[in-house]
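Here is what each chain is made of, one letter per residue.
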Amino acid sequence: WGWLCQDKAGKLVCTSTPNQDSPLSSGLIPLLGIDVWEHAYYLKYKNRRGDFVDALMNIINWDNIAERYEIAKKLN
């Protein structure tokens, strides 16, 4: 998994986790998670994970992510 998170200092952090792990267990607040395991993209993108991520970036509701970030900043 690829994650966009907020750390305890309120800064944005990009990180990754294996399997079903969550950034919550590392004290991070997840704002966006992207499943980059083959099952998420193989049928349409074959081995082109980068193309899958590029396409995904175009459909993410960034306004919603910004709202999540503003809420998360209030938690610190």
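For the structure, check the block above.
Just so you know, the residues in each chain are numbered from 1, in the order the chain's sequence is written. Only residues with pLDDT of 70 or above have their local features reported here, since the model is predicted, and side-chain atom pairs are shown and tallied only from 80 upward, although totals for entire chains, interfaces and linings are computed over all residues. The side-chain quantities take in all heavy atoms of the structure and omit both hydrogens and water.

## Describing the pattern of salt bridges
Okay, step 1: A pair is scored as a salt bridge if a Lys or Arg side-chain nitrogen falls within 4 Å of a carboxyl oxygen belonging to Asp or Glu. What the rule picks out here adds up to 2 salt bridges.
Okay, step 2: Residue Asp 51 is joined to Arg 48 by a salt bridge in which the shortest nitrogen-to-oxygen separation is 2.8 Å.
Okay, step 3: Any residue under 20% of the maximum accessible area for its type is buried, any over 50% is exposed, and the rest in between are partly exposed; the area is computed with a 1.4 Å probe on protein chains only. Given the relative accessible area of 41%, Arg 48 is considered partly exposed.
Okay, step 4: For Glu 70, the salt bridge goes to Lys 73, with nearest N and O atoms at 3.1 Å. Remark: Lys 73 and Glu 70 occur in helix α3 (residues 62–75); sequence separation between them is 3 residues, near one turn of the helix. Here a helix means four or more residues in a row that DSSP labels H or I, a strand means two or more in a row labelled E, and each is numbered from the N terminus.

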